[in-house]
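Here's the letter readout for the chains.
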Amino acid sequence: MILILLGPPGSGKGTQAKRLVKQRGFTHLSTGDMLREAVKNETELGLKVKSIMDTGELVADDLIIGLITEKMQEVGGAAFMLDGFPRNLTQAEKLDEIFVAENLSVDRVIFLNVAEEELVKRLSGRFYCPKCNAGYNYPAHLPKVDGVCDTDGEKILRRPDDEEDVVRNRLKVYHRLTSPLENYYREKGLLAEISAGEHPDRVTESIMKVITATW
Ligand code: AP5
């Protein structure tokens, strides 16, 4: 099974993907995570994309398509989820081409719909541990000691693109370039819209219902 997780920044794509990995054994392919790893390791790709990511704009299509194609090939025949890709119509059309060539198809596109004020609130409260990658959120999920990771005592950090001005730009970029994909997949009969402003457990339940009905 192949799923696409679609939704604006902070809609819970990463959170829900991790749950689906645990509950259903999906492989999680997140272009954002791949790019952040490249930035952290200061690879050639990382050095190219860092400044773009820090503004909240999209990285060039050819770089992203090359990256995700390689990762999809590594997955082989296993069930996987795309998180953060495709991000515009060019990427969606390219994905269709790749899938036709590989005799694959998208089973469902899960669209996580959340009100904009809630997205800003979630992203401005998000912190992570640079050592173990554990996630925290103020005030929803606080570390035991303020500002410090529960597991390893490391100072927790905010993603550079979670600063408020960058978040506002990421939301604009979503509306301009990514939101047309909602209709693109709706017209193909693939879109399942989930009300994702609720507790994460409720959102997972809604996604599981869609998966069960599809599979
Ligand atoms: P990417 O990493 O894909 O960022 P994004 O889409 O903006 O998504 P986020 O990771 O911010 O949010 P999310 O929806 O995963 O929410 P999360 O679960 O973390 O991309 C980053 C950048 O990389 C882009 O700006 C671009 O530059 C580049 N890029 C990536 N892909 C690209 C592509 N295909 N083409 C070109 N450029 C690309 O949740 C957020 C917070 O909310 C967390 O703290 C979480 O705990 C909390 N939360 C989650 N669910 C709930 C809930 N139900 N209730 C309350 N809180 C919740």
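Here is a short report on the structure shown in this document. Keep in mind that what you see is a predicted model, and the values were worked out from it rather than measured.

Okay, the site of the ligand next. In the vicinity of the ligand lie 32 residues, with Thr15, Glu57, Arg126, Asn137 and Arg170 positioned nearest. Contact between the ligand and Gly12: an oxygen atom at 3.1 Å from a main-chain N or O atom of the residue. Contact distances for the ligand include 2.5 Å between an oxygen atom and a side-chain N or O atom of Asn137. Here the ligand has 1,000 Å² of accessible area as a free molecule, and 90% of this is covered by the chains. If you list the elements that add at least two residues to the shell around the ligand, you get α1 (13-24), α2 (31-40) and α6 (116-124). When residues in the shell around the ligand are grouped by element, the largest group, 4 residues, is from α2. The class makeup of the residues in the shell around the ligand is 11 nonpolar, 11 polar and 10 charged.

This part covers the sheet that holds strand β4 (residues 108-113). Here we have 5 strands laid out as an open sheet, ordered β2-β3-β1-β4-β7, and parallel in their pairing. Of all strands in the sheet, those bounded by a partner on one side alone are β2 (27-30) and β7 (191-195). The sheet shows a mean angle of 20° between the axes of neighbouring strands, direction not considered. When β4 meets β7, the two strands line up parallel, connected through 5 bridges. Pairing of Ile110 across the sheet is with Ala192, part of β7.

Turning our eyes to something else, we now look at the environment of Met53. Within the secondary structure, Met53 sits in helix α3 (residues 44-55). On a C-alpha basis, the gap between Met53 and Lys131 in space is 21 Å, while along the polypeptide they are 78 residues apart. When neighbours within four sequence positions are excluded, Met53 is seen to be in contact with Gly32, Leu35, Arg36, Val39, Val59 and Asp161.

Helix α5 (residues 89-102) packs onto helix α4 (residues 61-75) with a crossing angle of 35° between their chain directions and a minimal axis gap of 11 Å. Viewed along their axes, α4 and α5 form a crossing whose handedness is right-handed. Seen from α4, the contacting residues are Asp61, Ile64, Ile65, Thr69 and Met72; seen from α5, they are Thr90, Gln91, Lys94, Leu95, Ile98 and Phe99. Along the lines of polarity and charge, the residues of the contact of α4 with α5 split into 6 nonpolar, 3 polar and 2 charged.

Parameters and conventions
Residues numbered from 1 in each chain as written. Predicted model: local features only at pLDDT ≥ 70, side-chain atom pairs only at ≥ 80, totals over all residues. Heavy atoms only, no water. Near = heavy atom within 4 Å. Polar contact = N/O pair within 3.5 Å; in protein donor to acceptor, adjacent residues only side chain to side chain. Areas by Shrake-Rupley, 256 points an atom, 1.4 Å probe, with all protein chains shown as cover. Helix = DSSP H or I, 4+ residues; strand = E, 2+ residues; numbered from the N terminus. Nonpolar A, V, L, I, M, F, W, Y, C, P; charged D, E, K, R; others polar. Pairing = 2+ DSSP bridges. Axes fitted to C-alpha atoms, helices over the stretch in contact; angles between N-to-C directions. Contact = heavy atoms within 4.5 Å. Left-handed = near helix turned anticlockwise from the far one by under 90°.

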